[in-house]
Amino acid sequence: MYFLTINEAPEGVLKSQAFDVCRFLEDKFKIKVTLIALISVRSFFKVRKEFKKNYHRTIILPGFPGINNWKKNIFTLKVLLFFKKNETIMARGIFASWLALNCKKATWVAYDGRAAYAAEWLEYFTGYSTVIASYIKDLEKEVVDEVQGRLAVSKKLTEYWHNYLGCKTTDFVVIPCTMNSAINSSIDKEKINALRQTLGVGENEILIVTSGSNYAWHGIDLLYKHLAVALSENKNIKLLMLSKPGAEKPLKETYPDRVLQEWVDYSRVMDYLRASDYAFFAQADSISNMPRTPVRFAEYMAAGLPSIVSNNVGDYSELVVQKNCGILLDTINWKNLQRPAFEDRLRISDLSETMFRKENYTEQYRKLLNL
């Protein structure tokens, strides 16, 4: 079978959602999985090297330049697969899935649905291409209706398919964004204390961490708003931003000794998460944000972190209440916030093993790929 992705860089998210999936499918079902990546010609050789380094059976193809020309990649895909036998193609996102459906070389197309793509584009990306914006809702509906297998990362995403796109299908599997299999969910007190000392965080201080991009739709404005209140109301709170330099400035100007910024290699992120006490995870209210279940949440839980979440984080806002593994943002009392007990951190980390390991979704993958 083939795993198809288009215009995505081989970074942290792709490591858990593409490379790791390919390895899992090969190992669990004893099948040969080839990853096909269509990437921009601008950074072709650099990105090609990274893809090859991350997964042993990868074919890298230069994509057609120009965002509006993405459909022309069908010719490249047809040439590549011309002499191949018809096989299953698992395609990541609506653009890759449309190409898989139309290359006429797949007996089974499995749609790897990671987002509410049309809503996301219309809410945040229309400026990139008004041409794509004009047809993207129809494109997403076509993909969801016509593929043979459907993966949704949340129940909320399937509701979006029905309510926003008007799809009728009830034939799908729900598999949340699982963590990279290389992540170890063990928690070492000594290592935690050593890194906290290095960061200048005291034993009685509460370290809240946020990890990832500072895009508007990821809730950076909400972070500034709520952490400004938290830092003012509780002098024991510190904030660690695992993001590129600059994102910390709005808060660091007011609280220079209590706002920390680190931009570390993906392999070290878990160490910094484990050294923290809570994860902050809020999203802007939007149609596209509601179905999202970012892999960061799985990593937060693997690190034993209770998450402070807004009411609209995919299926996870309900989860933190049901499993007592976090706090809803609109119920939090910053003045009385305390460090979580170590036993609670171990319990949350154990929960991640049952909820966010790919092995726990073997039967869902079997159905998705018709194995």
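Residues numbered from 1 in each chain as written. Predicted model: local features only at pLDDT ≥ 70, side-chain atom pairs only at ≥ 80, totals over all residues. Heavy atoms only, no water.

The backbone phi angle of K104 is positive, close to 65 degrees, even though this residue is not glycine. With respect to the secondary-structure elements, K104 resides in the loop between α4 (93-102) and β5 (106-113). One non-glycine residue, N324, lies in positive phi territory at about 50 degrees. Inspection of the secondary structure puts N324 in the loop between α13 (316-322) and β13 (326-328). Looking at N324, the relative accessible area reads 53%, which means it is exposed. (Helix = DSSP H or I, 4+ residues; strand = E, 2+ residues; numbered from the N terminus. Buried < 20%, exposed > 50% of the residue type's maximum accessible area, 1.4 Å probe, protein only.)

Spatially, 7 strands are ordered β3-β2-β1-β4-β5-β6-β7 in an open sheet, and the strand pairing comes out parallel. Both edges of this open sheet fall to β3 (58-62) and β7 (173-174), since each of them pairs with a single strand only. Pairing of strand β1 (residues 2-6) with strand β2 (residues 34-39) involves 5 bridges; the strand directions are parallel. Along β2, the bridge assignment pairs I6 with L38. Packing of α4 onto the sheet brings it into contact with β1, β2, β4 (87-92) and β5, and relative to β5 it is tilted by some 175 degrees. (Pairing = 2+ DSSP bridges. Contact = heavy atoms within 4.5 Å. Axes fitted to C-alpha atoms, helices over the stretch in contact; angles between N-to-C directions.)

One open sheet holds the 6 strands; their spatial order is β10-β9-β8-β11-β12-β13, and the pairing between them is parallel. Looking along the sheet, the strands with just one partner apiece sit at the ends: β10 (259-262) and β13. Each strand axis lies, on average, 25 degrees off the axis of its neighbour in the sheet, ignoring direction. Packing of helix α12 (residues 295-302) onto the sheet brings it into contact with β8 (206-211), β11 (278-281) and β12 (307-309), and relative to β11 it is tilted by some 165 degrees.

Here we come to the environment of P176. Its place among the elements puts P176 in the loop between β7 and α8 (189-199). Leaving out residues up to four positions away in the same chain, P176 has contacts with V153, T293, Y316, M355, F356 and Y361.

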